[in-house]
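# Coordinate analysis (summary)
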Amino acid sequence: MTASTNWKGDGEQPSAPTPRTPLSELARQAIRERIIDGSYAQGARVVEREIAQDLQMSRVPVREALRALVEEGLLDLLPHSGVRVRRLERSDVVHLYDVWEPLAIQASRLAAQRVAVAAEKSSVLEGLQAALEQAEAAAAAGERTRESDAGTAFHDRIVALADNPLLTQLMQRLNGQLRLLFGLNTEPAPMRAQHREMYERIAAGDADAAGAITLLHIRKSRELALQAVTATTIP
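Throughout what follows, the structure given in this document is the object of discussion.

Here is what the cut-offs are and how they apply
- Residues numbered from 1 in each chain as written.
- Predicted model: local features only at pLDDT ≥ 70, side-chain atom pairs only at ≥ 80, totals over all residues.
- Heavy atoms only, no water.
- Helix = DSSP H or I, 4+ residues; strand = E, 2+ residues; numbered from the N terminus.
- Buried < 20%, exposed > 50% of the residue type's maximum accessible area, 1.4 Å probe, protein only.
- Contact = heavy atoms within 4.5 Å.
- Areas by Shrake-Rupley, 256 points an atom, 1.4 Å probe, with all protein chains shown as cover.
- Lys, Arg positive; Asp, Glu negative; His and termini not counted.
- Charge placed at Lys NZ, Arg CZ, Asp CG, Glu CD.
- Phe/Tyr/Trp six-rings, centres within 6.5 Å; stacked < 30°, edge-to-face > 60°.

This next bit is on the overall build of the protein chain. Looking only at helices and strands, the protein chain has nine helices and three strands in total. If you line up the protein chain on its principal axes, its C-alpha atoms span 65 × 50 × 35 Å. By the burial criterion, 42% of the 235 residues in the protein chain qualify as buried. By sequence separation, contacts in the protein chain at least 24 residues apart represent 69% of the contacts at least 6 residues apart. When the accessible surface of the protein chain is totalled, it reaches about 12700 Å², and 51% of it is carbon and sulfur. Averaging the positions of the 28 positive and the 31 negative side-chain charges in the protein chain gives two centres separated by 5 Å.

So, in structure tokens, the structure goes:
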């Protein structure tokens, strides 16, 4: 895709070129959202031609998107051809949380350390606080998907606040599967309460306390995820 140039009018200079998002990335985002919100059920076969028609795209960017989502862990290749939505088993949840737990703890610790030395603490905490408020507003409105998205954003912003490029890269590999699990959670209130505690420890710049409450949070999240996966497993 090439960048576009926007003209303001006769006699005016053009605005700076605006990069366009590649169609394959737009397709990837759209398919990912359908997987996470359950529109494409776990275990369901995903047909390239049908998705291309649905998204009003050619099959080439859709094919690229499906390959990327296989790499992301949201789709599985079928033995002969095609793909299907990955069905998360208990072992998948255990393996995922075994990796996520230490990364999440370290992210909270680094975020708290950064806050501790920040000249303007309110500015570095703004995004984290906004995610909390969005989750609470969504919960009050009974908008479960939006609440789940805000909860995911909370964890994303802790990683951003940690300001460690390698940690960010590692977490991006896990995000799709984590979002899928968050969407299955039927008990979001305890998660919101623990997010608030995590925020308070990070805002205080206390790395040890931030790491400790994050450990409790991840262990509770693991418990709920295992319950959710067991409940959705087809015999």
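Counting across every chain of the model gives two aromatic pairs. Ring geometry for Tyr-97 versus Trp-100: centroids 5.4 Å apart, planes at 70°, classification edge-to-face. Remark: Trp-100 and Tyr-97 occur in helix 4 (residues 90-117); sequence separation between them is three residues, near one turn of the helix. According to the relative accessible area criterion, Tyr-97 is buried, its value standing at 0%. Overall, Trp-100 belongs to the buried group, its relative accessible area being 2%. For the ring pair Trp-100 and Phe-182, a centre distance of 5.7 Å and an interplane angle of 55° mean the geometry is tilted. One end of the pair, Trp-100, is in helix 4; the other, Phe-182, is in helix 7 (residues 165-184), and 82 residues separate them in sequence. According to the relative accessible area criterion, Phe-182 is buried, its value standing at 14%. Members of the aromatic cluster, joined through ring pairs, are Tyr-97, Trp-100 and Phe-182.

So far we have only geometry, and geometry alone does not tell us how the molecule works.
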